[in-house]
Amino acid sequence: MSESIPVIDTERLQLKGPKVEDFPAFAAMWARPELTREITGKPLTEEEAWTRLLRNAGLWPLVGYGYWHVFERNTDALVGQVGFADFHRNLTPSLREMPEIGWIISPDHQGKGYATEAARAAIRWGDANFSEKKKMCCIIGVENTPSICIAEKCGFSFIASAHYNGKAINVYHRPIAPHG
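In this report, the structure presented in the accompanying data block is examined. (Residues numbered from 1 in each chain as written. Predicted model: local features only at pLDDT ≥ 70, side-chain atom pairs only at ≥ 80, totals over all residues. Heavy atoms only, no water.)

**Structural notes on the overall build of the protein**
Heads up, the condition is: What counts as a helix is a DSSP run of H or I of at least four residues, what counts as a strand is a run of E of at least two, and both are numbered from the N terminus. We take the radius of gyration over the C-alpha atoms and set the globule estimate at 2.2 Å times the residue count to the 0.38 power. Between buried and exposed lies partly exposed: a residue is buried under 20% and exposed over 50% of the maximum accessible area for its type, with that area taken using a 1.4 Å probe on protein chains only. The contact definition used throughout considers only heavy atoms, calling two residues in contact when any of these lie within 4.5 Å. Only the protein chains shown count as cover for residues, and all accessible areas are computed by the Shrake-Rupley method using a 1.4 Å probe. Counting rule for charge: Lys and Arg are taken as positive, Asp and Glu as negative, and neither His nor the chain ends is counted. In plain terms, the charge of a residue is placed at NZ if it is Lys, CZ if Arg, CG if Asp and CD if Glu.
Helix and strand content of the protein: five helices and eight strands. For the protein, the α and β elements follow one another from N to C terminus as β-β-α-α-α-β-β-β-α-β-α-β-β. Over its C-alpha atoms the protein spans a radius of gyration of 15 Å, differing by no more than 12% from the 16 Å that the globule rule assigns to 180 residues. Based on the C-alpha atoms only, the size of the protein along its principal axes is roughly 40 × 35 × 30 Å. Across the 180 residues in the protein, those meeting the buried criterion constitute 51%. Residue pairs in contact within the protein that sit at least 24 positions apart in sequence constitute 61% of those at least 6 positions apart. Accessible surface for the protein amounts to roughly 9200 Å². Of this, 51% is attributable to carbon and sulfur atoms. Across the protein, the mean location of the 20 positive side-chain charges is 5 Å away from that of the 21 negative side-chain charges.

As structure tokens, this is what we get:
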């Protein structure tokens, strides 16, 4: 499956499609409370991490985009994930018809600029591949200052505050840059 998912190289990172072999490191990353606090609110069990891995891999053949696993190029260590989804969230303002970007970096690798580097690489891919879309979006917890800064560095603008799954979030949009 991951053979059809594009590999993206940046200066320090490599973005690759999810593989079963990644699962031990992936599950360990998602079991960290510091990582999941802003996303799920609790560490994931092995079963929940497996379901997330399957969901991430399943996006690509169904909608033509999805999540990449983010690896350090010099160590080949899994350090996070970045990508786009269409989760059909029941949210106002609606995110329908917009690829929703998300990113996470393992706590051991935060503070190195990896999230911004990976997000920018994914956005460049999105700009080149989402020509039929007008904008992309992201949602971020209102207290997640590091992710808010990353979104702003990547050209996202605040649209509205909302509530999703009992949490206060901000909704951000970014126009798809014309490719060519």
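**Focus on helix α5 (residues 145-153)**
Put simply, the rule reads: Think of the arc as the fan of directions from the helix axis to the C-beta atoms.
Among the residues of α5, those classed as buried are Ser 147, Ile 148, Ile 150 and Ala 151. One face of α5 carries all of its buried residues, which in axial projection span an arc of 160 degrees. Counted as exposed and oriented over 90 degrees from the buried face of α5: Pro 146 and Lys 153. Against β5 (100-105), α4 (114-129), β6 (135-141) and β8 (167-175) lie the buried residues of α5. Phi turns positive one or two residues past the end of α5, at Gly 155, with a value near 90 degrees.

**Overview of a nonpolar patch on the surface**
As a reminder, the rule being used: Each patch is built from salt-bridge-free residues with over 30% relative accessible area, joining like charges within 9 Å and nonpolar side chains (Val, Leu, Ile, Met, Phe, Trp, Tyr) within 5 Å. What makes a salt bridge here is a side-chain nitrogen of Lys or Arg within 4 Å of a carboxyl oxygen of Asp or Glu, nothing more.
Nonpolar side chains collect at one region of the surface, where Val 20, Trp 50 and Leu 54 lie side by side and expose about 280 Å² of accessible area between them. The residue Val 20 is located in the loop between β2 (13-16) and α1 (23-30) in this model. On the basis of relative accessibility, which here comes to 54%, the residue Val 20 falls in the exposed class.

**Some points on the nonpolar core**
Put simply, the test is: What makes a nonpolar core is a set of buried Ala, Val, Leu, Ile, Met, Phe, Trp, Tyr and Cys residues whose side-chain atoms join them at distances within 4.5 Å.
Among the nonpolar cores identified, the biggest contains 33 residues, and Trp 68, Phe 84, Trp 103 and Phe 156 are the most heavily contacted of them. Contributions of two or more residues to this core are made by β2, β3 (67-72), β4 (78-85), β5, α4, β6 and α5. Of all the elements, α4 adds the most residues to this core, at eight residues. Listed in part, the 12 residues of the second largest apolar core include Phe 23, Phe 26, Trp 30 and Ile 104.

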